[in-house]
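Architecture at a glance
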Amino acid sequence: MIKPKKKQYQNKMEQLIQNKRQEHLELLNQLEKLEIQQPTKDIQLIKTITQQQKKEQDIEIIATPQLVSPKWLMNLKPTMTYECDVVIQEESELDQIVKHQLKEKIQKQKEMQQQAYLELINELDLQSKHHAYDEKVKEDFKCTYQYMSQGRLVSIDIKYYDFLKLNPQNYVNDTIINFFLRFIENDIFKNKSLLIYNTYFCTRLLSFHAEYKQIYTQYLQNNQMLQRWTKENIFMKQYVLFPLHLREHWAVIFVVNPLQVCEQLCNNNYQLSNDMNKNGYLIYFDSLLIQDQRIGIQIKFYLMHVYNQEHKKYSDDQIYEIVMRSTFPVHQPIVPRQTNLVDCGLYMLEYVERFLMNPNQILNNLEQDHLKWFPKVMIFIKRILIKKILNALSSGQKDYALRYQENCRMIDQQFTDSNQYDYIDEQLLEQLQVPRLQFHLSEDYNYYYDVQPSVGV
């Protein structure tokens, strides 16, 4: 009796399975009919969207290698961005003792070096029959610097709070940065082919989204306001300078011959001519040697939109594709790097000043390192000299303030060919027995300089 029932049950299950299969086949036939009935334009739209997404992905990949340093640097250190976490390695007790001893030694050497230059600066003051200003200004200190911009008088007010930012172990703020850049632009170099943007403009220009498409969307939202700030014809200039405030860090980009830069971007044909005046350059100076591709990309967005304001050739989407597909590089020379966490603004100002004094020194040697461009003690000196400029201007003695560059030249003359760099560096290099480039670029050696100066503050 059991076997016939089992057989009957099996037959019933097979029939149910067969019915389900038939239902599935009917459903599939209905779906195929529905797909055939879909309008052709909808299918084409789906294909277009898919192609556009693939195209954007391809562009994102192409954009990555646009910030270039000398080729040998890329193998020496990893690429960093402004979101990188600081990695703190555990140190042995012996390592900490050695570091402490070195810090004490460097502290004494730095104080001796700084004292020598303070005496030199005071001697220069005496030679010019100018009294040494007391750096401890009163709380009601105020200096108003005025300059002409596009036919109108513009003022920058530097107050006690700003003045204190020039003390060692302090970040310099936007007010000090903007003042000094305007001072050297209008009273020192007086170069009509130079345009320096305001730091607040550059803050509006940059964003740090993870994807380029998000960055460009943000740029387009700010574009109308940015174009209103662009009141001069930047393509009549030889040098356009963007001082960049990057999340508690200062850096700077020089655009050399902006018209040539835009034409080379449009043609996607980066070739250097023997005539430097026919070449366009983007030069990026960063005292931490941080490499972030997004910075150069956004400068190119801005340049191309200004270019298109006049030529009316491209849509917003076309400008995006031109910039992202372009092989035009942003050069990042190897320059003296900061050795603490607060001097980036002073280094940026020194880069600007040194570049404007002799641009060809950098432009003719983009693949070489410039570690001996200036000695690190100049950063300490720069804080003092800017204080003296502000004191002179606040007391109506602009003639002394205008001696700034002459004083810098006389200080530079103290460095002979055999001692072109800080002697402290040379002693440490000899003691540590590591390659010079590794010493100046490696994070491992930053702590040698992270000491509190106690001279002249």
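Residues numbered from 1 in each chain as written. Predicted model: local features only at pLDDT ≥ 70, side-chain atom pairs only at ≥ 80, totals over all residues. Heavy atoms only, no water.

Identification of the protein as Ubiquitin-like protease family profile domain-containing protein from Paramecium pentaurelia is taken from an unreviewed UniProt entry.

1. Let's talk about the overall build of the protein
Put simply, the rule is: Strands here mean DSSP runs of E at least two residues long; helices mean DSSP runs of H or I at least four residues long; both are numbered from the N terminus. For every residue, the accessible area (1.4 Å probe, protein chains only) is compared with the maximum for its type, and the residue is labelled buried under 20%, exposed over 50%, or partly exposed between those bounds. Contact between two residues is taken to exist if any of their heavy atoms lie within 4.5 Å; hydrogens are not considered.
Of regular secondary structure, the protein possesses 18 helices and 8 strands. Here the protein holds 457 residues, and the buried ones make up 48% of them. Taking the contacts inside the protein whose residues are at least 6 apart along the sequence as the reference set, 74% of them involve residues at least 24 apart.

2. Quick word on the side chain of D187
Short version of the rule: Whenever two N or O atoms come within 3.5 Å, that pair is a polar contact, provided that in protein one can donate a hydrogen and the other can accept it, and provided that, for residues adjacent in sequence, both atoms are side-chain atoms.
On the secondary structure map, D187 appears in helix α6 (residues 174-189). Side-chain polar atoms of D187 contact the side chain of Y145, separated by 2.5 Å. With near-sequence residues (within four places) excluded, D187 lies in contact with Y145, R182, K398 and L402.

3. Things to note about the packing of aromatic side chains
Keep this limit in mind: Put simply, two rings from Phe, Tyr or Trp (the six-membered ring, in Trp's case) pair if the centres are within 6.5 Å, and we call them stacked under 30 degrees between planes, edge-to-face over 60, tilted for the rest.
By the definition in use, this model includes 28 aromatic pairs. Taken together, a centroid distance of 6.1 Å and an interplanar angle of 70° make the contact between Y145 and F183 edge-to-face. Of this pair, Y145 sits in strand β2 (residues 142-149) while F183 sits in helix α6; the two residues are 38 residues apart in sequence, bridging distant segments of the chain. Across the pair, F183 and Y145 agree in class, each one buried. Measuring from centroid to centroid gives 6.0 Å for Y239 and F355, while their planes differ by 90°, and the two rings are edge-to-face. Of this pair, Y239 sits in strand β5 (residues 239-245) while F355 is found in helix α12 (residues 344-357), placing the two residues 116 residues apart along the sequence.

4. Concerning the packing of α6 against α12
In a pair of packed helices, the angle between the axes and the distance between the axes together describe the arrangement. Convention followed: Convention adopted: a line fitted to C-alpha atoms gives each axis, helices being fitted over their contacting stretch, and angles between N-to-C directions are expressed from 0 to 180 degrees. Every angle not falling under 35 degrees, over 145, or within 65 to 115 is termed oblique; those three ranges are roughly parallel, roughly antiparallel and roughly perpendicular. By definition, turning the near helix anticlockwise from the far helix through less than a right angle yields a left-handed crossing, and turning it clockwise yields a right-handed one. Think of it as three bins: nonpolar holds Ala, Val, Leu, Ile, Met, Phe, Trp, Tyr, Cys and Pro, charged holds Asp, Glu, Lys and Arg, and polar takes everything else, Gly as well.
Between α6 and α12, whose axes approach to 11 Å, the crossing angle comes to 15°. Relative to α12, α6 is oriented roughly parallel. Of the two elements, α6 crosses α12, and the hand of that crossing is right-handed. Of α12, the residues touching α6 (which contributes I177, F180, L181, I184 and F189) are G345, M348, L349, V352, E353, L356 and M357. For the contact of α6 with α12, the class distribution of residues is 10 nonpolar, 1 polar and 1 charged.

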